[in-house]
Amino acid sequence: RSGVIRINACCAMTACNTGYKFWRDALCSAKCVVAPMVDQSELAWRMLSRKYGAQLCYTPMLHASVFLRDANYRKTHFVSCPGDRPLIVQFCANDPDTLLKAARLVEPFCDGVDLNLGCPQSIAKKGRYGAFLQEEWDLLHDMISLCHKELSVPITCKIRIFEDVDQTVRYAKMLEAAGAQIITVHGRTKEQKGPNTGIASWAHVKAVKDSVSIPVFSNGNIQFLRDVEQCLEATGCDAVMIAEGSLHNPALFTGEQPPCWEMADEYMALVDQFPCALTCSRGHMFKIWHFVLQRPENSEHRMKLGKAKSFSQLKKVSQDLKSALLQSLSAEELALPFDLDNIPYWRCQPYVRPSPGSGKRPLDTTGIETNMQSEKKCKKDEKQRKCTKAQKWQVCVKCCRNPRVRSLNASK
C-alpha cells in the first residue's frame, strides 16, 4: 500500500545517543506521549493520536524472539508510514543478543528502541519478561548496555516501581548507568493491575526524576489534560505518557471531549488507509463507545459489536449507534455546555476502574468476549445434552441411575 513502510525497505538513520540531545533533537522535546499498548497502539491509532496532540508514539510491545524468527509476525506487527514520527519501537526480551538482533531490524525505521520492563500480566511472568525481570539487574544491565553500544538509535526503558522508593531510585540509576537514554516510570507496582490498579505514585516518579540525569517520562493517573499539567508540575518530569486515557478519549491531549461518533468515524477511516487486525479495531470500538454501550437500550449493539466478523460489520454497528444517538439528541442537547464532572455519556471521557469489592464489573472488550464465550459454552452444553439424551442408557451399565442396572439389581 502506497505510503506504508514495512521493514523490508532500506534507509539510513543518524545516531543520536545522549539522553537530552535525543529527546530534544530526535523526539522534538515531546511532552505528550502515547504509550505502547498490545493490540491497541497500531499505526491507525497512532495516526489518530498524532492528529489530536500526541507528539511521540510507541508501537505495541513486540516479542523480540518471535520478531527475529518470524517474517510474517514482523510484516503484520510492525507497520509505519512517513507521518508516523517520532516513533519508538518497544520489545520485550530476556536475552541480550536476541534483543539486539531484533532491534537491528527496526533501527532504520524508528527513532529509538524501548525495553518493556513494566508488563505485569501473568503471561509476562510465564514468559519471563516485562516487570518480572525487575529483580534481575545483571541481565537488564547486559541487555541495555549491549544495545547502547551496538545500535545506531538510543535504547530506552519503561519500568514499574518497587514499593520502596529508595529501591526504585537505585533501579533507575542502574538502568541509566547501563545506557538507557530515557526512563518512563509507571508509578505502580507490578501487583497493581486489574481491579487492584489503584493510584499511581507520583512521589516515586519524582524521586527517580530527581536522581537521574536523563529524561524521565511519567505514566499513570492521567484522565484529562489538566492532569497532564499537574503531573509535569508535581514530578518535574520531561513528558507524560498516557495509555488507557488515550483509548477512551484519543483527543485527551487537546483538552476536548468530542462526541464518540466523531472519534469512531475518524479511526475507522484511518483503518481503511492503514489496515490492522480486526481484534485491534474491535477493542478500540468498545473503548470509544464504552459509556454508550453501557446503556440498556444499546445492549443489542453491544452484542453485535462483540460478534462482528469483518470491518464492514464493525462500521455498520458504529454507524447504527451514531444514527440512533443523533435521532434521540436534540440540537440543544448537542450544544449544551458541560463541565468535566458531568460529561454527557455520548462524549469521550475517562473510564474509572471499579474498586475491589464494589461488585461492579467493567463493561469492556473483555466483558463482551466473556459473554460470547458463555454463549458458546451454552450451545456446546446443549449439544452435549442432546447427544447424551440419545445415548443415555447405552453408555454405562454401572451407573445407579441407569434403569437397566436397577432392573438387574431388582432381579438379583
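Reading guide: rules and limits
- Residues numbered from 1 in each chain as written.
- Predicted model: local features only at pLDDT ≥ 70, side-chain atom pairs only at ≥ 80, totals over all residues.
- Heavy atoms only, no water.
- Buried < 20%, exposed > 50% of the residue type's maximum accessible area, 1.4 Å probe, protein only.
- Helix = DSSP H or I, 4+ residues; strand = E, 2+ residues; numbered from the N terminus.
- Pairing = 2+ DSSP bridges.
- Right-handed = clockwise from strand over helix to strand, strands pointing away.
- pLDDT = per-residue confidence, 0-100.
- Contact = heavy atoms within 4.5 Å.
- Phe/Tyr/Trp six-rings, centres within 6.5 Å; stacked < 30°, edge-to-face > 60°.

Engineer: Run through the pairing of strand β7 (residues 112-117), naming residues and quoting values.
Structural biologist: Every other side chain in a regular strand lies on the same face of the sheet, so the side chains alternate between the two faces. Counting buried positions along β7 gives six out of six residues, so the element sits mostly inside the fold. The side-chain alternation of β7 yields two buried faces, one formed by G112, D114 and N116 and the other by V113, L115 and L117. The pairing of strand β6 (residues 87-92) with β7 spans four bridges and is classified as parallel. Bridge pairing links I88 to G112 in β7. With respect to chirality, the unit in which β6 leads through helix α5 (residues 96-106) into the neighbouring parallel β7 is right-handed. As paired elements, β7 and strand β8 (residues 155-160) share five bridges and run parallel to each other. The partner of L117 across the bridge, within β8, is I159.

Engineer: Any chance you could break down the confidence of the model for the protein for me, citing the residues and the numbers?
Structural biologist: Atomic detail in the predicted coordinates should be set aside for any region of low pLDDT. Averaged over all residues, the pLDDT of the protein is 87; the fraction at 70 or higher stands at 82%. Segment residues 360-372: pLDDT under 50, and 24 contacts once partners within four positions in sequence are set aside and those in other chains are kept. Between residues 388-412, whose pLDDT stays under 50, and residues either more than four places distant or in other chains, the model counts twelve contacts.

Engineer: Give a detailed account of the packing of aromatic side chains, specifying residues and quantitative values.
Structural biologist: Throughout the structure, instances matching the rule amount to eight aromatic pairs. An angle of 85° between the planes, with centres 6.3 Å apart, marks the rings of F67 and Y73 as edge-to-face. Between W261 and W346 the ring centres are 5.7 Å apart and the planes differ by 20°, which places this aromatic pair in the stacked class. Remark: W346 occurs in the loop between α17 (331-335) and α18 (365-391) and W261 occurs in helix α12 (residues 260-273); sequence separation between them is 85 residues. For the pair formed by W261 and W346, the shared burial category is buried. Counting every residue linked through ring pairs, the aromatic cluster contains F67, Y73, F78 and F91.

Engineer: Any details on the pairing of strand β11 (residues 239-242)? Residues and values, ideally.
Structural biologist: The two faces of β11 match: A239 and M241 on one face and V240 and I242 on the other face are all buried. Sheet analysis places strand β2 (residues 32-34) next to β11, joined by three bridges and oriented parallel. Note on β11: the bridge partner recorded for V34 is I242. Where the polypeptide runs from strand β10 (residues 216-219) across helix α10 (residues 225-235) and back to β11, its parallel neighbour, the crossover connection is right-handed.

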